[in-house]
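A look at the structure
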Amino acid sequence: MYTQIVGGRIYTPSGWIDGGSVLIEGKQIKAVLNTELPVVGARLINARGSYIIPGGIETHVHGAAGADFMDGTVEAFRTAADYHLQNGTTTIYPTLSTSTYETIMKGIECTEVLLADETSSVEGLHLEGPYFSVKMAGAQLPELIRPARPEEYTKIMERGKGIIKRWDAAPEIEGTLDFGRYVKEFGVVTAIAHTEAGEPEIKAAWEHGYTLATHFYNAMKVSHKKGVYKVPGAVETILDLPDFDIEVICDGIHVPPLMVNLAYKVKGRERMALTTDALLYTGTPADFKDPTGHAIVEDGVCKLADRSALAGSVATMDRLIRTAVQQCDIPLIDAVYMASTTPARIMGITDTKGAIEAGKDADILFLDEELQLHFVMHRGRVVRGEEYWA
């Protein structure tokens, strides 16, 4: 049984196709055709002039719809993942902030359950911490931040092998260089985050297997004076390393549009991914106040209740693409690439994700001329936009 998508502008690895169609068989893309002529026996979906793009891949996200991945329940994982799926994230890596050992173990268990569920968009677990700089903690819980001890992280990896796909640390913290080299052996993407590191520490991290900068610009130092001399910070050092990947929170608030565009000009779409860093407050009212008194939603972003720091975003994948194009002057073709193709390459899943081409999962979105999202397909199943069936 085939499904054929017609009537839109198709984003492909070789560029846009007008007047073509996408042929889907089961969960996968069978072919991208240069014609809209109906395939015999195929059920049609009419995109009605939309941009037809690959589903977004979110590698850094903490929750949504009141559910936090730190809750450590399969229900919370499903709730948050499903909310982001409805808003364009067809592949998701649930993220735990700095946590206790017990919370990490619960996160591994929940991820394992959803990895076995073909209807789930969960692709693996992301640990943001706990081996960070207390001075750069931001919204991380400083009382849980600790050095990287082999007796802890080796035990975590024994249980999380094949489940933990990304792990963030600050390279200047005790034990994190050996930690980075160790988890890399398990295929884990290691990232620099919440750090005071400068040029020497960043380059040492690179040599020990770190390849990604978490929420680039945020919770890391820029060029500053050390004594009477100016020295480069993490930002400049990472920009200078040509093979170092970055992710940017592209909500228009965490990073000013000019700075997003600057990073894009230096790194290009091949080395820059868009991310939400979205919290459980995503999907709540615009003036939401956490009853625990920990955080507030204000001005389209989540802040600590005392407004001393940004706590995370309330963005969704579709907002990232709109912001990149409409505020940061990035061409749509490159914004889509950074929302899908680049994160697929970073996470090592380009065999099944990140593009509309034969053999890949049928993860497909429709955006209108204003880049508003109207349709989501996940592995061949329409989860939003039933009205597009012809």
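Computed from a prediction, not measured in an experiment: that's the story for all the values here.

The rules behind each value
Residues numbered from 1 in each chain as written. Predicted model: local features only at pLDDT ≥ 70, side-chain atom pairs only at ≥ 80, totals over all residues. Heavy atoms only, no water. Helix = DSSP H or I, 4+ residues; strand = E, 2+ residues; numbered from the N terminus. Rg over C-alpha atoms; globule rule 2.2 N^0.38 Å. Contact = heavy atoms within 4.5 Å. Lys, Arg positive; Asp, Glu negative; His and termini not counted. Charge placed at Lys NZ, Arg CZ, Asp CG, Glu CD. Pairing = 2+ DSSP bridges. Axes fitted to C-alpha atoms, helices over the stretch in contact; angles between N-to-C directions. Buried < 20%, exposed > 50% of the residue type's maximum accessible area, 1.4 Å probe, protein only. Salt bridge = Lys/Arg side-chain N within 4 Å of Asp/Glu carboxyl O.

A count of helical and extended segments in the protein chain gives 9 helices and 25 strands. Its C-alpha atoms give the protein chain a radius of gyration of 21 Å, within 12% of the compact-globule value 21 Å for 390 residues. When its C-alpha atoms are laid out on the principal axes, the protein chain stretches across 70 × 45 × 45 Å. Taking contacts inside the protein chain between residues at least 6 apart in sequence as the whole, the part at least 24 apart equals 67%. The averaged location of the 53 negative side-chain charges in the protein chain is 2 Å from the averaged location of its 37 positive side-chain charges.

Strand order in this open sheet of 8 strands is S8-S11-S12-S13-S14-S15-S18-S19, and the pairing throughout is parallel. Looking at strand neighbours, the two that pair on one side only are strand S8 (56-61) and strand S19 (272-275), the edges of this open sheet. Strand after strand, the sheet turns through a mean of 25° between neighbouring axes, direction not considered. In the sheet, strand S13 (residues 164-169) pairs with strand S14 (residues 189-192) via 4 bridges, with the strands oriented parallel.

With respect to burial, strand S18 (residues 245-249) is a largely interior element, 5 of its 5 residues being buried. Going residue by residue along S18, you find Asp-245, Glu-247 and Ile-249 tucked away on one face and Ile-246 and Val-248 tucked away on the opposite face as well. With 4 bridges joining them, S18 and S19 adopt parallel strand pairing. Opposite Ile-249, over in S19, you have Thr-275 as the bridge partner.

This part covers the environment of Glu-112. Topologically, Glu-112 is positioned in helix H2 (residues 101-115). For the pair Glu-112 and Arg-159, spaced 47 residues apart in sequence, the C-alpha separation works out to 10 Å. Among residues more than four places away in sequence, those in contact with Glu-112 are Arg-159 and Ile-163.

A word on unusual backbone geometry. Cis geometry marks the peptide bond from Gly-129 to Pro-130; its omega dihedral reads 15°. Secondary-structure assignment places Pro-130 in the loop between strand S12 (125-128) and helix H3 (150-160).

As a further point, take helix H8 (residues 317-326). Summarising burial for H8: 8 of the 10 residues are buried, a large majority. Listed in full, the buried residues belonging to H8 are Met-317, Asp-318, Arg-319, Leu-320, Ile-321, Arg-322, Thr-323 and Ala-324.

By the secondary structure assignment, Leu-44 is in strand S6 (residues 43-46). Between the alpha carbons of Leu-44 and Ile-5 there is a distance of 5.9 Å; along the sequence they are 39 residues apart.

So, on to the sheet that holds strand S24 (residues 373-378). Within a beta sheet, neighbouring strands are joined by backbone hydrogen bonds and run either parallel or antiparallel to one another. Strand order in the open sheet formed by 6 strands is S3-S2-S7-S23-S24-S25, with mixed pairing between adjacent strands. Since the sheet does not close on itself, it has two edges, and those belong to strand S3 (15-18) and strand S25 (381-384), each with one partner. Each neighbouring strand pair of the sheet contributes to a mean axis angle of 25°, computed without reference to strand direction. Two strands pair when backbone bridges link them, and strand S7 (residues 51-54) and strand S23 (residues 364-367) are joined in this way by 4 bridges, in the antiparallel orientation.

In the structure shown here, the tally under the stated rule is 24 salt bridges. We note a salt bridge from Arg-271 to Asp-245, for which the minimum N-O separation is 3.0 Å. Of this pair, Arg-271 sits in the loop between helix H7 (257-267) and S19 while Asp-245 is found in strand S18, placing the two residues 26 residues apart along the sequence. When its relative accessible area of 22% is taken as the criterion, Arg-271 is described as partly exposed. Put simply, Glu-123, Lys-353, Asp-361, Asp-363 and Arg-379 are held in one network by salt bridges that share partners.

All we've got here are geometric facts, nothing functional implied.
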